[in-house]
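Now for the letters of each chain:
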Amino acid sequence: MTEQTIKDELITAIRTIKDYPKEGILFRDITTLLGNARAFRRTVDALVQPWAGSKVDQIAGIEARGFILGGAVAHQLSAGFVPIRKKGKLPHETVRIAYSLEYGLDEMEMHKDAIRPGDRVIVVDDLIATGGTAEAACRLLRSMGANIEAACFIVDLPDLGGSKRLEAMNVPVRTLVDFPGH
């Protein structure tokens, strides 16, 4: 199966919801992809493929859909999994970072002992738009000494510039499909 055929299959499996969460937005809903066994398998395989056979220590999944994808990727790569969560959701000692969103500030955190200096880490989430959350996750991981091998997403909204924002931080970005607009 060609790369274009797989992209077409994934695009077909992603539901678009008009005017959600607010008017003018086209929300790219991956729950339909997750519910399609074949598309989900192809997605995980495509996210894993560039690192098959290489040493990756940890997969860092961004709450919440990044947990679903990150867990599957970690399993396939025989790597550990690090949840990056909203403030106050983790039970042990944490490190946190504040970051800006379009509508204000937020904070995310991870367990202080989740990363060892020098760990090779891949960041995983479902979608990259403006890149603020992914950038904050990468900065948090780097503050603990992680080497970010890449940030991987199913969907890129290139018009919003998030991939370029991560690349400017020297974080390689891998996306499977892109949609114009926002």
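Parameters and conventions
Residues numbered from 1 in each chain as written. Predicted model: local features only at pLDDT ≥ 70, side-chain atom pairs only at ≥ 80, totals over all residues. Heavy atoms only, no water. UniProt positions renumbered as here; feature names shortened; annotations may be inferred. Helix = DSSP H or I, 4+ residues; strand = E, 2+ residues; numbered from the N terminus. Buried < 20%, exposed > 50% of the residue type's maximum accessible area, 1.4 Å probe, protein only. Contact = heavy atoms within 4.5 Å. Expected span 1.5 Å × (residues − 1). Salt bridge = Lys/Arg side-chain N within 4 Å of Asp/Glu carboxyl O.

If you check an unreviewed UniProt entry, the chain appears there as Adenine phosphoribosyltransferase from Roseibium salinum. According to UniProt, the comment filed for the chain under the heading Function (unreviewed entry) is "Catalyzes a salvage reaction resulting in the formation of AMP, that is energically less costly than de novo synthesis." Heading Subunit (unreviewed entry) of the UniProt record for the chain holds this comment: "Homodimer."

Draft legend 1. Examining the environment of Ala137 more closely. With respect to the element layout, Ala137 can be found in helix α5 (residues 132–143). With relative accessibility at 0%, the residue Ala137 sits in the buried group. Put simply, Ala137 and Met108 are 29 residues apart on the chain and 7.6 Å apart in space, counted from C-alpha to C-alpha. Those residues in contact with Ala137, other than ones at most four positions away along the chain, are Ile62, Ile84 and Met108.

Draft legend 2. Highlighting the side chain of Asp126. Position of Asp126 relative to the elements: it lies in strand β7 (residues 120–128). The contacts of Asp126, once residues within four sequence positions are left out, are Ile30, Arg65, Leu69, Phe153, Ile154 and Val155.

Draft legend 3. Up close: helix α4 (residues 65–77). If you check α4, its first and last C-alpha atoms are 18 Å apart, about what 13 residues at 1.5 Å a residue would give, namely 18 Å. With its phi angle positive at about 55 degrees, Ser78 sits one or two positions after the end of α4.

Draft legend 4. Region of interest: the pattern of salt bridges. Scanning the model with the defined rule gives 13 salt bridges in all. A salt bridge links Arg65 to Asp126; the shortest N-O distance between them is 2.5 Å. One end of the pair, Arg65, is in helix α4; the other, Asp126, is in strand β7, with 61 residues separating them in the sequence. Judged by relative accessible area, Arg65 falls into the partly exposed class, the value being 36%. As a salt-bridge pair, Asp119 and Arg116 come within 3.5 Å of each other at their nearest N and O atoms. Arg116 sits in the exposed class, given a relative accessible area of 51%. Overlapping salt bridges bring together Glu9, Arg38 and Arg42 as one network.

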